[in-house]
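Residue-level structural notes
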Amino acid sequence: MRVAGWVSFFLTTFITVLAFQGLIGFSEQGPDWALLSDRYFHSILIFSIKQALLSALLSIVLAWPIARALYYLPMLPARRAFLALCLLCFVMPTLVLITGLVSLLGRSGVVSPLLIDVLGVDWNLYGLNGILLAHIYLNMPFAVRVLYQQLKSIPDSSWKLSLQLKFSRWQRLRIVEWQSLRSTALVLFGFIFVLCFNSFAIVLALGGGPKSTTLEVAIYQALKYDFNIPEALMLAWVQLLIAGGLFLMVSRFGRTQWLSVDTARDDWKPIPTGWRLWLMTCSYYVVWGALVLPVLALFAGVTQGDWLRLEWGALIKPTLITLGLGILSASCGMVLAYSMLSPIRQMNLLVQSRRRVMLEWLATHALVAPAMVMSVGLFIFLLPLVDIDRWGIVFVAILNTALIVPFAIQKLKPRLYQFDAQYNALTRSLKLKGRQRWTIEWPFIRPVVLSTYGLVLVLSMGDVAIFSIFGSNDWATLPWLIYGYAGTYRIAEASIASIVLLSLCALILWLFEKVQTSHA
Amino acid sequence: MLVFLDILPLDPDLALMKKQLLAISSLLLSTSVLAADLTVYTYDSFVSEWGPGPKLEKAFETECQCDMEFIAVEDGVSILNRLRIEKANTKADVILGVDDALIEITRSEGLVQSHDVTLTGLKKELNWDDVDFIPFDYGFFAFIYNSQKIMRPPTSLKELIESDASVIYQDPRTSTPGQGLMLWVKRIYGEQSDAAWEKLSQHTVTVTKGWWEAYSMFLKGDADYVLSYNTSPAYHVVTENKSQYKAAEFSEGHVAQIEVAAITKASTRKPLAKTFLMFLISPEAQRIIATNNWMLPVIDGLTLPAVFAELITPKRIGFTPQEVADNRAFWVREWRSAATR
Amino acid sequence: MLNISQLKIAREGKVLCYDLQLDEGKILAIQGVSGVGKSTLLSAIAGFVTPMDGTIEWKSKRLNFLAVEARPVSYLFQDHNLFEHLTVMDNLSLGFSGDAPKDDLIEAANQLKVLDQLEKRPGELSGGQRQRIGLIRALLRPEALILLDEPFAELDPETRHLTVKWVQKTARDQGKTVLMVTHQSEDAEQLADECLILKGAASTL
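Residues numbered from 1 in each chain as written. Chains lettered and ligands numbered in written order. Predicted model: local features only at pLDDT ≥ 70, side-chain atom pairs only at ≥ 80, totals over all residues. Heavy atoms only, no water.

Some thoughts on the overall build of chain B
Within chain B, the regular secondary structure consists of 13 helices and eleven strands. The 341 residues of chain B split such that 67% are buried. Long-range contacts, defined as pairs at least 24 residues apart, comprise 79% of the intrachain contacts of chain B with a sequence gap of at least 6. With an accessible surface of roughly 12,000 Å², chain B has 50% of that area assigned to carbon and sulfur atoms. (Helix = DSSP H or I, 4+ residues; strand = E, 2+ residues; numbered from the N terminus. Buried < 20%, exposed > 50% of the residue type's maximum accessible area, 1.4 Å probe, protein only. Contact = heavy atoms within 4.5 Å. Areas by Shrake-Rupley, 256 points an atom, 1.4 Å probe, with all protein chains shown as cover.)

Considering the overall build of chain C
Counting its regular elements, chain C contains six helices and ten strands. Counting only C-alpha atoms, chain C reaches 50 × 35 × 30 Å along its principal axes. Going through the 205 residues of chain C one by one, you find that 55% of them count as buried. Long-range pairs, those at least 24 residues apart, make up 70% of the contacts in chain C between residues at least 6 apart in sequence. By element, 47% of the accessible surface of chain C is carried by carbon and sulfur atoms, the whole surface being about 9,400 Å². For chain C, the distance from the average site of its 23 positive side-chain charges to the average site of its 29 negative ones is 3 Å. (Lys, Arg positive; Asp, Glu negative; His and termini not counted. Charge placed at Lys NZ, Arg CZ, Asp CG, Glu CD.)

Observations regarding the sheet that holds strand β9 (residues 194–197) of chain C
Residues and elements named next belong to chain C. Reading across the sheet, the five strands line up as β6-β7-β8-β3-β9 and stay open at both edges, with parallel pairing between neighbours. On the outer flanks of this sheet lie β6 (73–76) and β9, each paired with one strand and no other. Adjacent strand axes in the sheet meet at a mean angle of 15°, parallel and antiparallel pairs treated alike. Its contacts with the sheet place helix α1 (residues 38–46) against β3 (27–31), β6, β7 (145–149) and β8 (177–181), and it is angled at close to 150° to β7. (Pairing = 2+ DSSP bridges. Axes fitted to C-alpha atoms, helices over the stretch in contact; angles between N-to-C directions.)

Topic: the domain arrangement of chain B
Residues and elements named next belong to chain B. Partitioning chain B into structural domains gives domain 1 (16–138 + 257–310) and domain 2 (140–255 + 314–340). Just the C-alpha atoms count here: the centres of domain 1 and domain 2 sit 25 Å apart. With 21 residues of domain 1 at the interface, the matching set in domain 2 holds 24 residues. Buried area between domain 1 and domain 2, both sides added, is near 2,000 Å², and the carbon and sulfur share of it is 72%. Where domain 1 meets domain 2, there are three residue pairs in polar contact (both at pLDDT 80 or more). Breaking the side of domain 1 that touches domain 2 down by element, the ones donating at least two residues are α1 (16–21), α4 (103–108) and β10 (254–264). It is α1 that contributes the most residues to the side of domain 1 that touches domain 2, five residues altogether. For the side of domain 1 that touches domain 2, a count of residues per class yields 14 nonpolar, two polar and five charged. (Domains from an automatic or database assignment. Buried area = accessible area lost by both parts, 1.4 Å probe. Polar contact = N/O pair within 3.5 Å; in protein donor to acceptor, adjacent residues only side chain to side chain. Nonpolar A, V, L, I, M, F, W, Y, C, P; charged D, E, K, R; others polar.)

Side note on the state of the cysteines
All names here are of chain B. Tallied over the full model, the rule gives one disulfide over all chains. The disulfide partner of C64 is C66, and the S-S distance across this bridge is 1.9 Å. One disulfide, between C64 and C66, carries an S-S torsion of -75° and so falls in the left-handed class. (Disulfide = S-S within 2.5 Å.)

Some points on the pattern of salt bridges
Overall, the coordinates contain 28 salt bridges over all chains when judged by the stated rule. Across the salt bridge formed by D116(B) and K270(B), the nearest N and O atoms sit 2.7 Å from each other. Placement of D116(B) in the loop between β4 (112–113) and β5 (133–146) and of K270(B) in helix α10 (residues 270–280) is noted, with a sequence separation of 154 residues between them. Among the ionic contacts, a cluster of salt bridges with common partners joins R345(A), D420(A), R437(A) and E441(A). (Salt bridge = Lys/Arg side-chain N within 4 Å of Asp/Glu carboxyl O.)

Observations concerning the interface of chain A and chain C
On the chain C side, the residues contacting the 16 residues of chain A number 22 residues. Among the residues of chain A in contact with chain C, R428(A), L430(A) and K431(A) are the three that bury the most area, contributing 35% of the side total. There are two salt bridges connecting chain A and chain C. Across the pair E143(C) and K431(A) runs a salt bridge whose closest N-O atoms are separated by 3.1 Å. At the junction of chain A and chain C, the tally comes to six residue pairs in polar contact (both at pLDDT 80 or more). Listed by contribution, the elements that provide at least two residues to the side of chain A that touches chain C are α17 (388–429) and α18 (434–461) of chain A.

Describing the side chain of E150(C)
Examined against the element boundaries, E150(C) turns out to sit in the loop between β7 and α5 (157–174). Buried charge E150(C) goes without a salt bridge, the closest partner of opposite sign being K38(C) at 5.4 Å.

Some thoughts on the nonpolar core
As a rule of thumb, nonpolar side chains are buried together in soluble globular proteins. Membership of the largest hydrophobic core comes to 235 residues, with the highest contact counts inside it found for F470(A), F83(C) and L179(C). Discounting residues that sit within four places of it in the chain, F83(C) has contacts with F419(A), Y423(A), L426(A), T427(A), L430(A), L432(A), I440(A), N91(C), L94(C) and P122(C). Of all hydrophobic cores here, the second largest spans 63 residues; its members include I71(B), V73(B), V94(B) and I95(B). (Core = buried A, V, L, I, M, F, W, Y, C linked by side-chain atoms within 4.5 Å.)

Observations concerning the packing of helix α6 (residues 128–152) of chain A against helix α8 (residues 169–197) of chain A
Residues and elements named next belong to chain A. Close contact between α6 and α8 brings their axes to 10 Å; oriented N to C, the two are set at 155°. Relative to α8, the element α6 lies roughly antiparallel. Judged by the twist between their axes, the crossing of α6 over α8 is right-handed. Across the interface between the two elements, H135, N139, F142, A143, V146, L147, Q150 and L151 of α6 pack against E177, S180, L181, T184, L188, F191, I192, L195 and C196 of α8. Counted by class, the contact of α6 with α8 contains eleven nonpolar, five polar and one charged residues. (Parallel < 35°, antiparallel > 145°, perpendicular 65-115°, else oblique. Left-handed = near helix turned anticlockwise from the far one by under 90°.)

Re unusual backbone geometry
All names here are of chain B. We note that D116 has phi near 60°; this positive angle belongs to a residue other than glycine. With a phi angle near 55°, N127 is a residue other than glycine that sits in the positive phi range. Position of N127 relative to the elements: it lies in the loop between β4 and β5.

Focus on the environment of S216(B)
Examined against the element boundaries, S216(B) turns out to sit in helix α8 (residues 211–219). For S216(B) and V226(B), which are ten residues apart along the polypeptide, the C-alpha to C-alpha distance reads 9.6 Å.

Focus on the confidence of the model for chain B
In this model, chain B carries a mean pLDDT of 84, and residues with pLDDT of at least 70 account for 89%. Here residues 1–34 of chain B is modelled with pLDDT under 50, and outside its nearest four sequence neighbours on either side it reaches 169 contacts, counting other chains as well. (pLDDT = per-residue confidence, 0-100.)

Details of the pairing of strand β2 (residues 14–22) of chain C
All names here are of chain C. Alignment of strand β1 (residues 2–11) against β2, held across eight bridges, turns out to be antiparallel. Bridge pairing links L7 to Y18 in β2. Between β1 and β2, which follow one another and run antiparallel, lie two residues, and E12 among them has a positive phi close to 45°.

Some words on helix α3 (residues 76–86) of chain B
Among the eleven residues of α3(B), eleven are classified as buried, and the element is accordingly described as predominantly covered. One or two positions beyond α3(B), positive phi appears at K87(B), with a value near 45°.

A look at the packing of aromatic side chains
Taken as a whole, this structure holds 48 aromatic pairs over all chains when the rule is applied. Note on Y453(A) and F512(A): the rings are 5.5 Å apart at their centroids and 40° apart in plane angle, and the pair reads as tilted. With Y453(A) in helix α18 and F512(A) in helix α21 (residues 491–518), this residue pair connects regions lying 59 residues apart in the sequence. A network of ring pairs unites the aromatic residues F82(A), Y284(A), Y285(A) and W288(A) as a single cluster. One Lys or Arg, R415(A), reaches over the ring of F444(A) and ends 3.9 Å from the middle of that ring. The aromatic ring of Y189(B) is capped on one face by K158(B), whose charged end is 5.5 Å from the ring centroid. (Phe/Tyr/Trp six-rings, centres within 6.5 Å; stacked < 30°, edge-to-face > 60°. Lys NZ or Arg CZ within 6 Å of the ring centre and 35° of its normal.)

Section: the side chain of S48(A)
Residue and element names in this part refer to chain A. Locating S48 in the fold gives a position in helix α2 (residues 39–72). A polar side-chain atom of S48 sits 2.7 Å from the main-chain carbonyl oxygen of I44. Excluding residues within four positions of it along the chain, S48 makes contact with F197, T213, T214 and L215.

What about a nonpolar patch on the surface?
A contiguous nonpolar surface patch, about 480 Å² in accessible area, is contributed by V3(A), V7(A), F10(A), L11(A) and F14(A). Mapped onto the secondary structure, L11(A) falls in helix α1 (residues 2–27). (Patch = residues over 30% accessible without salt bridge, like charges linked within 9 Å, V, L, I, M, F, W, Y side chains within 5 Å.)

A few points about the arrangement of the chains
When the two pairs of chains in contact are ranked by number of contacts, first place goes to chains A and B. Over all C-alpha pairs, chain B and chain C never come within contact, reaching a minimum spacing of 34 Å.

Some points on helix α4 (residues 94–105) of chain A
Along an α-helix, residues three or four positions apart point the same way, because every turn accommodates 3.6 residues. In this model, α4(A) (twelve residues) spans 16 Å end to end at C-alpha, consistent with the 16 Å of a helix rising 1.5 Å per residue. Three or more residues of α4(A) are buried, namely T94(A), L95(A), V96(A), L97(A), I98(A), G100(A), L101(A), V102(A), L104(A) and L105(A). (Expected span 1.5 Å × (residues − 1).)

See the structure below:
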């Protein structure tokens with residue numbers, strides 16, 4: 001197992017090294033240092049950081065009361081559905097979200113006149129507004145789930161004790177709630193910051209021009225028209241340094257069980273009453289509405305005639321290809337992630353925290369590496385060696401696998417650490433090895449493995465970026481189809497295909513949730 | 001991290017019609033198992049089901065009794081980039097669809113060879129004598145408006161920039177119309193360009209990555225004017241029977257975009273490649289291109305749909321490819337600082 | 001014979017020293033105040049703690065450098081002896097090379113009055129029941145050396161008496177050598193052949 005782990009490390013790192021080698025080797029030049037004193041560079045750097053900070057902060061601040069409402073009010077209707085929707089939002093293909101947001105809040109959107117006429121604001125979706133909205137839409141629901149899980153892990157003995165000691169509300173918040181959320185909130189902040197810092201499609205589509213450009217978009221621009229590799233490399237190193245450094249810091253200092261395990265049995269906790277109850281209930285419904293609206297907006301663009309006119313047959317093959325590719329990438333990604341965790345778990349047990357953190361960083365580095373550099377670099381590297389027109393689809397699968405590994409690792413890790421903490425000594429003492437050990441470990445990690453599998457499957461099914469570079473039309477996927485429809489202004493078809501994709505994602509998440517709970 | 005990259009570069013631009021007609025079923029690469037006698041790199045919308053590619057391929061194959069193959073990449077710039085990466089290993093004999101602004105860059109990297117075609121019958125106004133590149137269609141950049149909404153369009157670029165009408169245009173770094181506007185502003189404003197960009201940015205709704213985002217937002221009513229081509233109205237008339245979309249004619253003159261083809265340096269089938277280039281400027285191919293790619297033909301004397309005669313025919317202004325190649329990087333930097341202010 | 005000589009273990013800034021000899025088939029009770037290093041000794045014998053110096057020998061064979069899995073040891077931890085996600089019966093059947101002796105296990109469960117619990121998950125059992133399950137497995141596993149860390153702490157007096165008797169009989173019948181950490185002199189008196197009282201004679205590092 002440990003050998004498999006090191007092999008997996010080698011493979012994923014190798015891909016990144018090849019990608020950078022592709023760019024560096026091709027230009028035979030290093031990064032463009034002069035860029036560091038360019039005013040434009042300063043402005044995009046500041047903007048990248050600003051929007052990521054705001055997105056992460058707002059996502060968490062807004063998620064907090066909702067997570068509390070879910071925790072304190074078990075009688076809220078449709079809580080399970082809400083939590084499922086939260087997961088769906090997090091993995092929603094960006095293309096689908098952008099279509100939804102524009103039809104709601106664009107110049108001619110459904111809600112825009114309300115903002116402009118009723119509230120009297122000078123509303124423009126494009127720019128910081130749109131970027132923040134989209135980022136919050138994707139990440140806030142995710143934060144809700146994580147914070148809610150964390151609140152659930154407060155043992156009821158803590159609540160009983162806090163009541164016995166006659167804590168005030170403020171003391172309860174500070175001593176019980178905050179203590180349990182603190183380190184999770186920090187890691188969550190770092191994670192969302194990195195996701196938003198590296199954001200590409202949303203910034204490109206909703207940024208509204210050079211005023212709101214992120215480093216990732218600037219890399220794309222440098223590579224796309226000017227083929228200015230030194231500038232792209234400089235931007236890439238800066239991005240890697242900032243995002244990677246922050247991520248390293250967070251994984252060093254934040255101890256957390258996020259995306260995590262439900263350890264506690266919630267038997268008892270205080271129930272709010274009066275205006276607090278009312279406020280919590282209201283905010284719950286408001287967020288329900290806000291999350292559902294962009295999805296409903298998809299339906300608004302489709303008439304009954306469109307449903308009848310669409311050639312459904314044309315959707316079947318792309319759907320099957322999307323599923324097939326997704327299953328392939330998700331399966332490989334899970335195996336890689338599990339293998340890579342093997343040496344990491346070993347170090348965790350031996351309390352070698354510095355080496356462990358470095359290795360964890362390496363395992364999840366694809367999260368912070370500039371995706372544009374990864375795909376373009378690999379493309380340049382491979383083009384002279386492989387017939388990409390024919391074999392491109394293989395690389396779509398490989399790159400997608402590399403990109404989902406960090407998510408799989410982050411989600412599997414806490415459960416495996418928990419297993420080790422509780423049972424490592426016992427399994428060794430009982431001399432359980434190989435297959436026998438696996439038969440003990442499997443039922444313990446099964447629910448998490450299944451839900452992780454569902455998550456990474458849906459994530460990889462949403463890809464169109466990698467496909468646009470390596471894919472070929474013979475293998476068109478559903479998101480690629482949506483992209484093509486949108487590109488030819490066939491909004492009704494794009495909406496229908498989006499609805500199909502979204503339903504498929506929802507179905508998969510639901511299915512995995514179902515299998516996971518039925519055997520728990 | 002997966003959240004980031006969902007929309008990627010599909011296009012810049014090149015005429016509106018191409019994009020609207022682009023069929024998803026034939027978006028990208030057409031891969032055949034056996035290598036063809038002649039391989040042509042082009043951009044994706046050119047070979048879409050309703051683009052000129054399939055018809056051209058059929059016509060040329062009948063003429064030469066050979067097998068030709070189009071390989072499509074995203075757009076004109078990508079053709080150049082792919083050639084830069086592949087260099088001598090390229091499969092391409094011919095590249096088709098880079099524009100005049102890229103000519104000097106392509107040439108200076110030693111990627112093409114002279115075509116040796118005697119150029120007769122090309123429109124005089126094109127004033128064409130390039131030894132490596134052959135033009136196959138062209139159009140003028142122009143601002144399109146809805147004449148049902150706007151009664152009195154501006155008659156000069158200055159008037160538009162100093163008005164407060166909402167405008168959408170494309171990023172000069174990623175889109176050819178965007179670059180066209182950059183040249184246009186530079187030609188007219190010269191040293192005062194950055195002030196003009198600042199002025200324009202005050203009533204710009206958004207600057208998009210590519211042509212379709214801008215044009216589709218305009219059609220949804222998000223702006224009064226959108227940057228496109230003088231040929232755009234023809235598409236609405238011919239395929240949608242809508243005559244309200246018009247191109248505004250500016251008194252200072254318009255910058256043109258000329259799409260060109262050339263033989264790659266690595267090609268070992270130069271005679272056949274040359275035959276293909278000659279075929280491209282024949283009346284048969286020119287008619288196919290004009291009415292499927294929705295751009296103006298490069299030769300005189302074709303019979304085309306009546307609407308082509310109604311298109312605006314502005315005075316042509318601009319820079320030579322050499323001037324563009326020399327100054328582009330500097331102008332882009334000037335634009336990006338002015339537009340971020 | 002179990003022979004531990006000049007064994008030195010670093011623990012939280014102190015060095016703990018051990019010396020002890022125990023004949024095969026004997027039961028040794030280890031006593032001493034909290035923190036004196038009783039559990040550490042068991043952990044070292046089982047292989048979870050690496051000593052700085054000294055030897056641990058079993059039947060004249062050094063155990064020091066053997067992996068946990070290679071030592072002839074069955075260890076009952078102070079807690080976390082059961083997998084919470086497996087049934088009690090599944091838990092009992094672990095740690096036997098080849099098939100578990102189902103009949104013996106069931107018979108032992110019967111004697112210790114936990115027969116009704118076998119189909120449940122450990123979470124549904126009381127502390128005392130869990131402890132008896134752990135004991136059954138620890139004693140019946142085919143290992144010569146049995147290490148028990150406070151095996152009777154959660155049992156009521158009556159059950160405690162029953163369990164102590166069962167451990168004594170089983171260990172005698174199967175010729176096990178037992179080291180048992182306990183706080184109760186009573187257990188030591190009832191069960192042990194020998195008694196070791198650890199004192200805080202540890203030197204400071």
